[in-house]
Every structure is written in structure tokens, then in C-alpha cells.
Amino acid sequence: MTSKRCTDLLSVRDLSVEFRTERGAIEAVRNVSWAIAPGEMLAIVGESGSGKSVSALAIMGLLAKPAGRISNGQIVFDGQTLTGMAERDLRALRGRDIAMIFQEPMSSLNPILTIGRQIMEPLRLHLKMSVEQAHARAIELLTLVGISDPEQRLKQYPHNFSGGMRQRVMIAIGLSCNPKLLIADEPTTALDVTIQAQILELMKSLTERLGIALVLITHNLGIVARYAQRVVVMYAGSAVEQGTATQIFANSRHPYTRGLLRSVPRLDLPRARQLETIEGQPPDMRQLGVGCAFAPRCAYRTAVCAVAPQLIALPEGRFSACHHEDQLLAPVSASVAAREGARSDLVGADSNGDGITALLTVDSLTKHFKVKAGMFSQPAVVRAVQDVSFSIQAGRTLGLVGESGCGKTTIGRMILQLEQLSAGRVLFEDEDLALASGAQIQALRTQIQVIFQDPYSSLNPRIKVGDLIAEPLKVYKKTTTPQATRERVDQLLVQVGLLPEMAQRYAHQLSGGQRQRVGIARALAFEPKLIVCDEPVSALDVSIQGQIINLLDELQREKNIAYLFIAHDLAVVRHLAHRVVVMYLGRVMEVADRDDLYGNALHPYTMSLLEAVPVPDPTLERQRLRKTIAGEIPSPLRRVAGCVFHTRCPRASAECQENIPELREIRPGHFAACIKL
Amino acid sequence: MGSYLLKRLLLVIPTLLGVAVLVFFMLRVVPGDVIELKLRGDGGNVSAQVVAEERERLGLNRPLYVQLGYWLKGLVTLDFGISYWTNRPVVEEIGIRVGLTLQVAIMSAVIAVFFAIPLGVLAGLYRNSWIDYCLRVVTIAGLAVPSFWLGMMIVLGLLSLFSWSPPVTYTPFYVDPIANMSQLIWPALAVGYRYSAVVARLVRSSVIEVMSEDYIRTARAKGLFERTVVIRHALGNALLPALTVVGLEFAFLLGGLVVTEQVFNLNGIGRLFVDAVAHHDFNLLQALVMLIAVMFITINLLVDLLYGVLDPRILYK
């Protein structure tokens, strides 16, 4: 198959990786084959647990020992067979010919060694450079990855660098010995959108210039569309589809890929009422049957799917592992038409909410944190939230977007009365929460509920799911008898799409999506009027995200709940929100109704954010002119004079540093804080 | 760094003052009269007048706040008064014993660091191997066996196997190193075993944790030799937490090895402590508690400063 191409730099043939655990062996990668040519850019896409990272670690010979091992297959790199190669020969290849960049820039560098030492290490080892030579090369490398003042920076430690900068350092280390192949495992997942764009553009331009082949492992389909030439889609340890980016995105021949493409909210397509989702959840790798792993979730499933499909070669050099690939000839864009159709019924429902009284109003909300460096030092002030005002109408969704440090989570916490206000007011049904008595606050707590970001750590692992949901009911005596409580819990579980039996389980026995549903059920227990959703889907896999988004949407329509939807993902916010507030460094940059904001963004920051998001369409992505916004988000400890965005703004001029721009109504209902408008 | 040190040293003053006041009052609420105990403790029949005179001589008839004043003044001038029990200056009583205790503490710390760190690292690297299992048995035994019992076994063993017993009288190291060592190495071993066990277990878990860090994976991905990965990238990070434990245990030893000193018949701080308590010797007890407080504070400060040197993330301003 692919390995027949004699020009391959790296070819992986029938690779299987097995992990031995106390509860038996798990085959994390199952018969995966792919190849990459010199200078090519290949993306491996999949959700968590699909085996994409494990296969990369297997190539590097870095599987966790002794649990993980390559149980089958062959890896050939540049004419050498890596499988079965002696550890010392493999070690000599690592870092010299094959380099790897990891997901977590915050923890991937040794905290107690200088950056310089860490960059010079492979140079000294593999290229036998002298200290002076290595030092000169390290300066060159830092300049290459866009770090200014390299000589000084070499003497610093990782904690002196921001996440984006650390990832640049990781790239410098990766490129240090001029490798032939660079493997980047989710290199930008932990970074903000604007920084993500910078890092990816940097990797693309450097690998292109230096002729390095790049394997990009990601779950983000937009990134794949923008950067990859060829794509391998993985599901449950197997490669289910392979082809060029254009082939995969325009006309996928595997139901999983199709489902994945449809289940993400996209900025480039009209907004659909409901996301098409892949139902169910990824299989438990311990209990994989012999058949097609995707069959239980597949709409095309028939009796033949009980036999595992082979990856079969299709015309034009593509591959699909599906018995029914011939039924999938219609281009994906057919679903776009469906979306267009679906859109018409939206207009009425989404018309402007004028005349409805506000359920929640926040007025000049401000939060300053004092940060003390030591017992005697003067505390520094972090202006986490500054003068933020907005209101939410009953039954509607207000989206709050921004990058890390913009204050969006703090606002949520202030509304929930989990954080004291430094200034400003929060009015709920025209009642000032600051003036409310203790009893009133208690009553209000049942009206305003919250859904947290991390479904893994926000549920107590020692309490059964049913008791987790029942707890608030008991505390507030909403149900009087144990029987009534049980019935209410069952009812709530059904409402969020779980089975009543799940009340007897513990959180660790549920998947991420199911846990988030439990979180939603708990929030619903009081029939609240407002739910603060703090990044409720960002910790979930793409196919699960869609399910949760749809659930939130349905619940809103059924129960007329208002949401404050806090997120960094612009596409998700667009899908759910009626009105959107864009924040940067504690201040509101722009407020507008959803279609207005996404259609005619006014503020330079909103525009840069929208530009930085890659959309899952290779044709469109390649036509887009990418202007990545330069610079980093300034530390919240530093006070930026004038407009907080001026340090990175493409339109900034001297006067932007003088006055803090006021939020003005530029068009009816569309506010922006920029003097250039 | 300099100003940080100054701040930390200034902070020592309120801490010590707190300890001083607390220990002063706590001793005075303990039931039993020191003079009664001293003069009549062994059943002697002493007249009330003698008792009153003795009380006056030791200044115990004065109001509490005056006594407190004298105690605090003594602290500043390092004059802790006279032991009620031996009638010798407290400073002198402590001075003749502190050298021995310090030496045993240093020797056990050296034993602990030299054995525990390499063994802990090995156990961590070869987790669940025979090395790890053997070390686990040895270290858990070290935690479970009281040092004084081990001390007794050592003394008995030496006597019955070699018909030799360690010297009974203390010879300072600078007078006769061999005589000194042949006396003190045994208690140091007995105490150092437990000490090593504590440190080794900590180092083991710390190494296991650090070896699964992302930066170790990065170091391996660079193609470094495994020994470079361990020595350069893992050890520095793994030994940081061990520093705290080594320091705290050391300070603890300086407080005296109460029972072990009895077993080896050593005239150190621990034994002095027991005797001072038995005799309700307030002056001596107060001074000993202050000594331990100072030791703990000093060692903690040293450990913190050392952290600042070893961990670039910690910046003292």
C-alpha cells in the first residue's frame, strides 16, 4: 500500500501497540499504516484515546516502559527499520533525525535548567559541537523561532517565558539538529487562538523552508484543513481513512470522518439550528469486539459490520476502512444545503430580544485582585475585570468570549456570588445581589446555577451520581420524601439523556460526556432561570461536544433557561449565543448580536480572533489571507496605558496609548471600544 | 537576596518572643512546686522557713510578670540563670552537652544522605524490581523499629559477638578522634537508620513522580543517554523535596535523642531534657525549649535559602 512509494521518509506498516495493565492488555494502536514523504505535511486526526499520540511515541521509541510495547508491524525511517533496532541506535536518531514537540509547553521544559542549556544539549550530543559553537547556534535558533534578545533569553529559565514562547523554545530544540522529520503532538492545544495561529504559521514556514517533513497530530479539524497535505483519521486505535486534505474534507469516504466534520460548529458555514452529532461515545478499548469499532455509532451499520473492515485502497491514492464506503460518494457539502434549509426557521426565533426585560444585569462590574509577592512587599493589583456591563434576557444566551486572562471566568464567579465585587452591581430580576439578605441570597442560589468546565474534577469521586444530583434537593428541602427525591433524580437523568440506572454509578465509571451531563442534571435540579456555563464543552472530545451543545440548546427551548455561556471557542459561541460580549484583559472590546458580530465585526481584536480560527475547509483556508496578530497577551500585573489592546493592535497609533476607549454604540445595538471607529 | 535574608531574620524575633512567652506560662501551670520537689522530693523533712528562703533565693516568690521580665531580659543577654537543680549556670549545663548531640545529629545526617539518596533513587528508577522490594522491606523496618531498641541490640551484639563495649565516657573529637568515633558511631547508626528510611522513601516517590514528568519525555526525545536524563534532568528536581525532610529531621535530632542517649549512656541534650523535666527545673527547661526553637528556625531558614539557590523559580526579593 502506501509503503510502495519508494520516496517515503517514514513508513509505518501494520503498527500495533499494546499496553499491559493490571486489568489486561489494551491494544491502543491496531494495524495502522501510513507514510510520509520528505518535506511533506501529514496530519493525524482523532479524538482522545484514538491512538494518535501513542503511535507517535512508538515511532520515537518512547512508549512508557515496561507497560507499552510494539506488538506488531514495522516502522521504516530513511531506509532503517526502527522496530527491533537496538536502543542505542534509536537514541542516536532521536533528536537528530526525528524530533518531537509535545502538547504541554508549560511542563515540557525542565524548570531548573536554563533555556540555553536545554537548547544546546542535543547540539553538543549529536553534532559534537563545542560550547561556543552550540551557543552561537542556540542564538541563531532562538532568532529563527522569533524570540527577540536571544543572548539574554538563553540565560533565563522556562518560568520566565509565556506558554507561546515556551512552545517556540520547544520548536527551536526540535529544529536544532536539522531533523528530517518533526512530529508535533497537539502543539497548540494548550494555547490561546491568536498564539496558536502564530505557532502554527511559524512551524509551517520553518519546516517548508528547511525541507522538514511534519507529522501534525491534532483533534482540531480547522488546523488540519489549513496545514496538512495529507490526512490520516484515527478512531479507536485504527486508521479509518486516509487521503489528501481536499479529498477528506470535500468528500470523506468514512462515516466517522463525515460525522466528525458535521459535528463541529463552523464559522465558515451558516449557523445550523442543531448540530448533527455522532451519537454514543468512543468504545472502551478494553472491550473492543472483532467488528468495526465505529459500528455502534454508525448510521450506515449493517450485518457485515460485525467483521472488522480492512483499510482498502480507493482511487486517487486514498484509503477507507468501511464496508459501505461506496454509499458515501455524495460530497460532504450536501449537508451544507441542509444547513441552509434549516436556517430559515431560525430567523423568527432569533429576532432581536427588545422589549423583554432583563433577567440579569451587570453594571460596571469590576474585580481587582491583590497579589502579594511576599510578606513585606507592596501588593500588586491585577485588574481582572474592569467596568463590564451587560444584560441577559430570560431564555436567551449571552456568549462571553476571550482568551485566557480576559476575566470571563471571574465574571461568572462574581455573578454566582463566589467572588466579592470590587465595584459595580449585579441585578437579578431587578434585585441588587449586594443588598440582598442572606436568606434572599440562599433563594437566589437556586435560581442561578452553574456548569463547570472540567467534568473530571468537578464531581466528587466518592459520591454516587444519584446522590450528587440529590444533594442540592435535600439541602434546600425541595423534595420531602426519599421517594420523591429518587423520582426527581431519575427524571433529571432522563432529561439530560442518561439512564436512571446511572444514579448508582460513581463519576469515574462514566465517560467525559456523561459526566458533563451529570453536571447539567445537577444544575437543572432547581429549575433555575439562569445557568452560568463556564467552558462547558472545552474539555470534551469533538464528537461529544456537539451532543452537549445540542442538549443545552434543547433545554433552553424547553425550559426557557437563560445561559451565560463563557467560552474561548468562537464557533461554539456563535452556535449557541444570541448576543456576544468579546473581552480582552478584563475589558469589554465589543458587544453585538450574534449575526452582527460574526458578520460585521468592528473591533480590531474581534477581527483578529476571527481570523486566527482556522476553519475545516482546505480550499477556503488556502485562499484566506492570514494576518496573524503579533505579540503576546500582556501580563495582567502590568498596567497597559490607554487601550489594553494597543500593544498588539494592527491599527494602533500614538493616541491609543493615551485614553481608555469607551464602549460606544457604533451601529444600532452594536457596541465597540475603539477610537478608530 | 540580602534584603530577603534581613526580613527573614527580623521575623525570627517575634517568633522567638512568642515561644519564650508561651513556654514561660506553660511551665508555670504545670502542677507541682519546684522548691517542694527539690527539698522534700526524696521524703526529706525540711522546715517551711528553709523552703521560703530557697524560694526567695531562686526568685520564685516574685510576681509572675517580674519573673517573665527577668526571663526575657535573660534571653537577650543570653543569661538563662541558674539551674534550680544543679545550681550551675544553665548556659554551662547546656554548653557541655550540646557538642555531643550536635555530633551525633551530623553523623546520622551524613549516614542518611549517603545511603538514602542513592538507594532511594535506585528504588525509584527500578520501581517494582527486586531492588525496590528489598529496599522497601529495609526502609519500612527502619520506620517501624524504634532507634533505642536498635541501639540496645547494637550494644548487646557488640558485647556478645565481639566482647567489646563502646567507651562510656565522652571524649571530644579533637582530643581523641578514634575514642570519640568508637563511642558515637553506634548511636549515629541507630538513629541514622530511621533517618535514612524516611529520606529514602521520600526520594523514591519523588523520583517516580519526576520520571513521569513531561520534561523527562522531552529529554528522551532529544536522544539523550538515559543516565544524562536521570542525572541532569531528573535528580535536581527529585531531590528538592528531600531537602526539606533532611533539614527538618536534622533539627529534630538536635532537640535530643531522649531514649537513645539513655541506651548508649550519652550525656547529651536529650538526657538533660528528661532530667530537667523530672526536677521541674524551669530555668533549664525554658532554655532548652528556646534552644530547640532556635535550631528549627535556623535550619528552616537554611533550607529555604538553599531552595533559592537550587530552584530558579524561587526568587527571594
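Predicted model, so just to flag it, every value in this text is computed and none were measured.

Caption draft 1: Local environment of a nonpolar patch on the surface. A surface patch of nonpolar side chains, about 750 Å² in accessible area, is lined by Leu102, Ile106, Val110, Phe114, Phe115, Leu119, Leu122 and Tyr126 of chain B. Taking the relative accessible area as the measure of exposure, Leu102 of chain B reaches 35% and is therefore partly exposed.

Caption draft 2: Region of interest: unusual backbone geometry. For Glu527 of chain A, which is not glycine, the phi torsion reads 55° and is therefore positive. If you trace the backbone, Glu527 of chain A turns up in the loop between α17 (512-524) and β19 (530-534). Phi at Asn87 of chain B is positive, roughly 65°, even though this residue is not glycine. Tracing the backbone through its elements, the reader meets Asn87 of chain B in the loop between α4 (64-77) and α5 (90-125). Residue classification places Asn87 of chain B among the partly exposed residues on the basis of a relative accessible area of 39%.

Caption draft 3: Spotlight on the nonpolar core. Residues and elements named next belong to chain A. Of all hydrophobic cores here, the largest spans 79 residues; its most connected members are Trp34, Ile119, Leu181 and Ile183. Of the residues forming this core, the biggest block, 7 residues, is contributed by helix α6 (residues 163-175). Non-local contacts of Leu181, meaning those with residues more than four positions away in its chain, are made with Leu9, Leu10, Ile36, Phe77, Asp97, Ile98, Ala99, Ile212, Ala213 and Val215. Core analysis: the next-biggest nonpolar cluster, separate from the first, contains 69 residues, Ala503, Leu510, Ile544 and Val615 among them.

Caption draft 4: Region of the structure containing the sheet that holds strand β7 (residues 181-185) of chain A. Residues and elements named next belong to chain A. Spatially, β6-β7-β8-β3-β9-β10-β12-β11 is the arrangement adopted by the 8 strands of the open sheet, whose pairing is mixed. Every interior strand has two partners, whereas the edge strands, β6 (98-101) and β11 (312-314), have only one. Taking each pair of neighbouring strands and ignoring which way they run, the sheet shows an average axis angle of 20°. Of the pairings in the sheet, the one linking strand β10 (residues 238-244) to strand β12 (residues 318-320) comprises 2 bridges and is antiparallel in character.

Caption draft 5: Structural detail: the confidence of the model for chain B. All names here are of chain B. On average, chain B scores 86 in pLDDT, and the residues at 70 or more come to 96%. Helix α2 (residues 34-40) is the least confidently modelled element of chain B, averaging 70 in pLDDT, while helix α9 (residues 214-221) averages 94, the highest of any element. Overall fold confidence for the complex sits at a pTM of 0.84, while the interface term, ipTM, reaches 0.83.

About the cut-offs
Residues numbered from 1 in each chain as written. Chains lettered and ligands numbered in written order. Predicted model: local features only at pLDDT ≥ 70, side-chain atom pairs only at ≥ 80, totals over all residues. Heavy atoms only, no water. Patch = residues over 30% accessible without salt bridge, like charges linked within 9 Å, V, L, I, M, F, W, Y side chains within 5 Å. Areas by Shrake-Rupley, 256 points an atom, 1.4 Å probe, with all protein chains shown as cover. Salt bridge = Lys/Arg side-chain N within 4 Å of Asp/Glu carboxyl O. Buried < 20%, exposed > 50% of the residue type's maximum accessible area, 1.4 Å probe, protein only. Helix = DSSP H or I, 4+ residues; strand = E, 2+ residues; numbered from the N terminus. Core = buried A, V, L, I, M, F, W, Y, C linked by side-chain atoms within 4.5 Å. Contact = heavy atoms within 4.5 Å. Pairing = 2+ DSSP bridges. Axes fitted to C-alpha atoms, helices over the stretch in contact; angles between N-to-C directions. pLDDT = per-residue confidence, 0-100.

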